[in-house]
Amino acid sequence: MADEHEVNLWFEKYRPSSLDECILPKAMLKIFRGYIDKKEMPNLMLTGFQGTGKTTLAKVMVKSLNADSMFIECSTDNGKAMIETQVVPFASTLSLGNQDSVKIIICDEADGLSAAAQKSFRPIIEKYALTTRFIFTANYPEKIIPALKSRCACFDFSQKKSEKPQMMVAIFKRCKHILDDNGIKYDPKVLKLFISKWHPDFRRILNELQ
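A brief report on the enclosed structure follows. (Residues numbered from 1 in each chain as written. Predicted model: local features only at pLDDT ≥ 70, side-chain atom pairs only at ≥ 80, totals over all residues. Heavy atoms only, no water.)

What about the packing of aromatic side chains?
The final tally for this structure, using the stated rule, is five aromatic pairs. Seen from their ring centres, F32 and Y35 are 5.8 Å apart, and the 80 degrees between their planes marks the pair as edge-to-face. With a gap of three residues between them, F32 and Y35 both fall in helix α3 (residues 26-38), about one helical turn apart. We classify F32 as buried; its relative accessible area is 0%. The exposure class of Y35 is buried, given its relative accessible area of 16%. Put simply, the rings of F32, Y35 and F155 touch in pairs and so form one group of aromatic residues. Positioned above the aromatic ring of Y140, the side-chain terminus of K143 is 5.0 Å from the ring centre. For the cation-ring pair, R203 lies above F11, with the distance from its terminal atom to the ring centre recorded as 5.6 Å. (Phe/Tyr/Trp six-rings, centres within 6.5 Å; stacked < 30°, edge-to-face > 60°. Helix = DSSP H or I, 4+ residues; strand = E, 2+ residues; numbered from the N terminus. Buried < 20%, exposed > 50% of the residue type's maximum accessible area, 1.4 Å probe, protein only. Lys NZ or Arg CZ within 6 Å of the ring centre and 35° of its normal.)

Thoughts on the pairing of strand β4 (residues 132-138)
When you tally the buried positions in β4, you get seven out of seven residues, the bulk of the element. Relative to β4, strand β1 (residues 44-47) runs parallel, the two being bridged by four bridges. Each residue of the ladder has a partner; that of L46, found in β4, is T137. One ladder, built from five bridges, connects strand β3 (residues 103-108) with β4; its direction is parallel. Each residue of the ladder has a partner; that of C107, found in β4, is F136. For the segment spanning β3, helix α6 (residues 115-127) and β4, crossover handedness is right-handed. (Pairing = 2+ DSSP bridges. Right-handed = clockwise from strand over helix to strand, strands pointing away.)

Examining the pattern of salt bridges
Taken as a whole and judged by the stated rule, the model has six salt bridges. Linking E126 and R151 is a salt bridge whose minimum nitrogen-to-oxygen distance equals 2.9 Å. Of this pair, E126 sits in helix α6 while R151 sits in the loop between α7 (146-149) and β5 (153-156), and the two are 25 residues apart along the sequence. (Salt bridge = Lys/Arg side-chain N within 4 Å of Asp/Glu carboxyl O.)

Description of the layout of surface pockets
For the largest pocket, the calculated volume is near 270 Å³. Lining the largest pocket we find 18 residues, and of these F11, R15, G51, T55 and R203 sit closest to its centre. Only α2 (10-13), α4 (54-64) and α10 (202-209) provide two or more residues apiece to the lining of the largest pocket. Counting residues per element, the lining of the largest pocket draws most heavily on α4, which supplies four residues. (1 Å grid on protein atoms, 1.4 Å probe; cavity = no way out; pocket = protein on both sides within 12 Å on 5 of 7 lines; lining within 4 Å. Points joined across faces, edges and corners; volume = space filled by probe spheres on them.)

Some thoughts on the environment of R151
A relative accessible area of 27% places R151 in the partly exposed class. In the structure, R151 is positioned 120 residues away from I31 in sequence and 18 Å away in space, judged by C-alpha atoms. Discounting residues that sit within four places of it in the chain, R151 has contacts with N43, R122, I125 and E126. (Contact = heavy atoms within 4.5 Å.)

Quick word on the side chain of T55
On the secondary structure map, T55 appears in helix α4. Engagement of the side chain of T55 in a polar contact is seen with the side chain of D108, the distance being 2.6 Å. Filtering out sequence-adjacent residues up to four positions away, T55 remains in contact with R15, F71, D108 and T137. (Polar contact = N/O pair within 3.5 Å; in protein donor to acceptor, adjacent residues only side chain to side chain.)

See the structure below:
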């Protein structure tokens, strides 16, 4: 029953499965589209406010690159033992799927990693650079050590003031589609006010709408 309930959550049901469906600034989308087109990407550090699509983008990159992947929830599995028992075995084995693509390890909520675990990632990232890429997400980038950030291409999902109009329009269109898809009547003016209240936390917007 828990799995059925999870599927019925709008944020999961309508989670983007391709880059074109992601709601991100145009400049950022262009960079990630370039990675996909080249079938190569650097290690990534995705930071910023919760609910802005960091984890979604990480999963989209895995799917778009057709890569073998591992997902680690670092808020609960945050010590050095996790690196030794999960990360190293995965990174050191041959890919079972697309051998033309690197493997990808998603370290979600990496700001929950202990300081010792973060330090342990440094040699691992370099040792398996030919076969494995890491995507770290973090709501609080100040909790990530500089040595880990320096090994990644860093993207801040905190929207600039100039990007807000574009993002608000995109979120409005997505919410409109979801409400229409579920046969729910609404006042567009009220919907705009509702989005403004919870923006930029798109997950919160959908949860509150539902």
